[in-house]
Amino acid sequence: MQSPDDFNPPAGVPIEIEPGLTRILAPNPSPMTYRGTNTYLLGERQLAVIDPGPESAAHLRAILDALRPGQEISHIVVTHSHVDHSPLSRALARETGAPIVGFGDWQAGRSAVMQKLADEGLAGGGEGVDTGFHPDQVLGDGETLAGDGWSLRAVHTPGHYGNHISLAWGDALFCGDHVMGWASSLVSPPDGDLSDFMASCARLQRRDWRVFHAGHGAPIDDPAGRLDWLVAHRQGREAEILSRLAEGPDTAYGLATRIYTDTPPALLGAATRNVFAHLVDLTGKRRVTPHPHLSADARFSLA
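This text gives an overview of the structure that appears in the document. (Residues numbered from 1 in each chain as written. Predicted model: local features only at pLDDT ≥ 70, side-chain atom pairs only at ≥ 80, totals over all residues. Heavy atoms only, no water.)

### Some thoughts on empty space enclosed by the protein
Counting across every chain of the model gives three cavities of 30 Å³ or more. As a volume, the second largest cavity reaches approximately 40 Å³. Residue lining of the second largest cavity: 13 residues in total, with S111, G162, D191, D193 and D196 positioned closest to the centre. Residues that form the lining of the second largest cavity fall into these classes: four nonpolar, five polar and four charged. (1 Å grid on protein atoms, 1.4 Å probe; cavity = no way out; pocket = protein on both sides within 12 Å on 5 of 7 lines; lining within 4 Å. Points joined across faces, edges and corners; volume = space filled by probe spheres on them. Nonpolar A, V, L, I, M, F, W, Y, C, P; charged D, E, K, R; others polar.)

Right under this line is the structure:
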């Protein structure tokens with residue numbers, strides 16, 4: 001697997017990364033998106049565009065300019081409706097007439113506990129939600145989308161986001177933001193649910209994959225190893241939170257400041273969300289108790 005610093009392709013330039021698959025990097029680098037969003041063009045003549053990316057006239061032009069004579073876009077597939085993945089789907093659909101395909105709208109797949117937190121006023125955090133996302137065609141778990149010389153099978157992988165799907169292309173997987181090689185995936189309630197995230201990891205671990213093509217960063221050429229790392233990382237964070245709570249009750253923010261001691265202040269909000277995701281999961285496991293009730297501002301103690 002490449003180290004993060006080895007991955008720095010120019011934005012807007014189509015790069016063939018394996019036969020029938022081209023990647024174009026969107027011009028949206030940030031601490032949350034790394035070098036930018038990876039947009040994939042799959043096929044030879046009638047292409048599927050996977051994750052067209054953020055609203056960007058330059059990136060729209062880069063996608064259209066990547067088409068060779070005789071090629072056209074037949075499908076626009078979105079892994080999930082964060083603002084760095086889905087908004088450009090609408091402009092691309094207008095330009096090409098291709099349908100937008102996804103698991104469901106921006107609220108689809110949200111767990112009951114996260115829906116309750118959202119109903120109580122917890123707003124999304126992290127990468128931002130594309131509330132205008134409504135696919136023309138719903139692709140459910142296990143369903144297949146086929147085109148000219150390519151076929152994708154949807155694997156519902158909620159956790160990073162409720163409507164997140166990964167897309168199996170033979171023994172390769174377009175894994176969106178569920179797995180990335182440069183960082184652990186953000187799980188930010190109410191958009192993200194850590195219980196779902198761990199279940200999705202376990203599901204992906206049951207198959208032998210050749211490569212993961214992620215939403216950000218380089219291809220992951222040891223998918224099994226990366227999944228093992230992700231699970232161990234989350235288990236380690238859980239143990240750290242429980243250890244801190246053994247010293248006395250605390251809030252998600254208080255725990256984040258004690259655990260993420262090297263995190264820049266600008267990222268402490270994301271760290272707090274991450275800790276809260278663990279606390280929601282631990283509440284569901286009856287290992288911690290929120291006071292007075294489950295919320296982002298609650299104080300938590302060991303059960």
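There is more to say after this.
### Things to note about the pattern of salt bridges
Taken as a whole and assessed by the stated rule, the structure comprises 15 salt bridges. R203 is the salt-bridge partner of D141, the closest N and O atoms lying 2.9 Å from each other. Placement of the pair is D141 in the loop between β7 (137-138) and β8 (144-147) and R203 in helix α4 (residues 194-205), with a sequence separation of 62 residues. Its relative accessible area of 39% is what places D141 among the partly exposed residues. Residue R203 is classed as partly exposed on the basis of its relative accessible area, which comes to 29%. Of the charged contacts, one joins K285 and D281 as a salt bridge, the two residues approaching to 3.0 Å between their closest N and O atoms. Note on K285: relative accessible area 43%, which makes it partly exposed. Judged by relative accessible area, D281 falls into the buried class, the value being 6%. (Salt bridge = Lys/Arg side-chain N within 4 Å of Asp/Glu carboxyl O. Helix = DSSP H or I, 4+ residues; strand = E, 2+ residues; numbered from the N terminus. Buried < 20%, exposed > 50% of the residue type's maximum accessible area, 1.4 Å probe, protein only.)

### Some remarks on the packing of helix α5 (residues 223-245) against helix α6 (residues 252-259)
It is at 11 Å that the axes of α5 and α6 come closest, and there the two elements cross at 110°. Here α6 runs roughly perpendicular to α5, going by the angle between their axes. Across the interface between the two elements, R237, E240, I241, R244 and L245 from α5 touch L255, R258 and I259 from α6. Taken together, the residues of the contact of α5 with α6 sort by class into four nonpolar, no polar and four charged. (Axes fitted to C-alpha atoms, helices over the stretch in contact; angles between N-to-C directions. Parallel < 35°, antiparallel > 145°, perpendicular 65-115°, else oblique. Contact = heavy atoms within 4.5 Å.)

### Looking at the sheet that holds strand β11 (residues 172-176)
Taken in spatial order, the five strands of this open sheet run β8-β9-β10-β11-β12, and their pairing is mixed. Taken across any chain shown, the strands that pair with only one partner, and hence form the sheet edges, are β8 and β12 (211-214). Direction aside, neighbouring strands of the sheet carry axes that sit 25° apart on average. Pairing analysis gives four bridges linking strand β9 (residues 150-156) to strand β10 (residues 165-169), with the strands arranged antiparallel. Bridge pairing in β10 places A154 opposite L167. (Pairing = 2+ DSSP bridges.)

### Considering the pairing of β9
Within β9, five of the seven residues are buried, which leaves the element mostly enclosed by the surrounding structure. Across four bridges, the pairing between β8 and β9 is antiparallel. Counterpart to A146 in the pairing with β9 is S151. Connecting β8 to the next strand, β9, in antiparallel fashion are two residues, including G149 with a positive phi near 85°.

### Quick word on the packing of α6 against helix α7 (residues 268-284)
One can describe the packing of α6 onto α7 by two numbers: an axis separation of 8 Å at closest approach and a directional angle of 115°. Along this stretch, α6 crosses α7, giving a crossing that reads as right-handed. Residues A252, Y253, L255, A256 and T257 of α6 form the contact with α7, whose own contacting residues are L268, A271, T272, V275, F276 and L279. (Left-handed = near helix turned anticlockwise from the far one by under 90°.)

### With respect to the environment of A11
Checked against the element boundaries, A11 lands in the segment before β1 (15-18). Placed 194 residues apart in sequence, A11 and Q205 show a C-alpha to C-alpha distance of 32 Å.

### Here we look at the layout of surface pockets
The computed volume of the largest pocket comes to approximately 470 Å³. The wall of the largest pocket is formed by 22 residues, among which M32, A183, S184, L186 and A270 lie closest to the centre. If one sorts the elements of the lining of the largest pocket by residue count, α5 sits on top with four residues. Split by residue class, the lining of the largest pocket holds twelve nonpolar, six polar and four charged. The computed volume of the second largest pocket comes to approximately 160 Å³. Every residue along the wall of the second largest pocket is listed here: P14, E16, G20, L21, T22, L41, G43, E44, L47, A66, R68 and Q71.

### Quick word on the pairing of strand β14 (residues 288-291)
Along β14, the buried face is formed by V288 and P290; none of T289 and H291, which line the opposite face, is buried. Of the strand pairs in this sheet, β14 and strand β15 (residues 299-302) are connected by four bridges, and their pairing is antiparallel. Paired with V288 across the two strands is L302, which belongs to β15.

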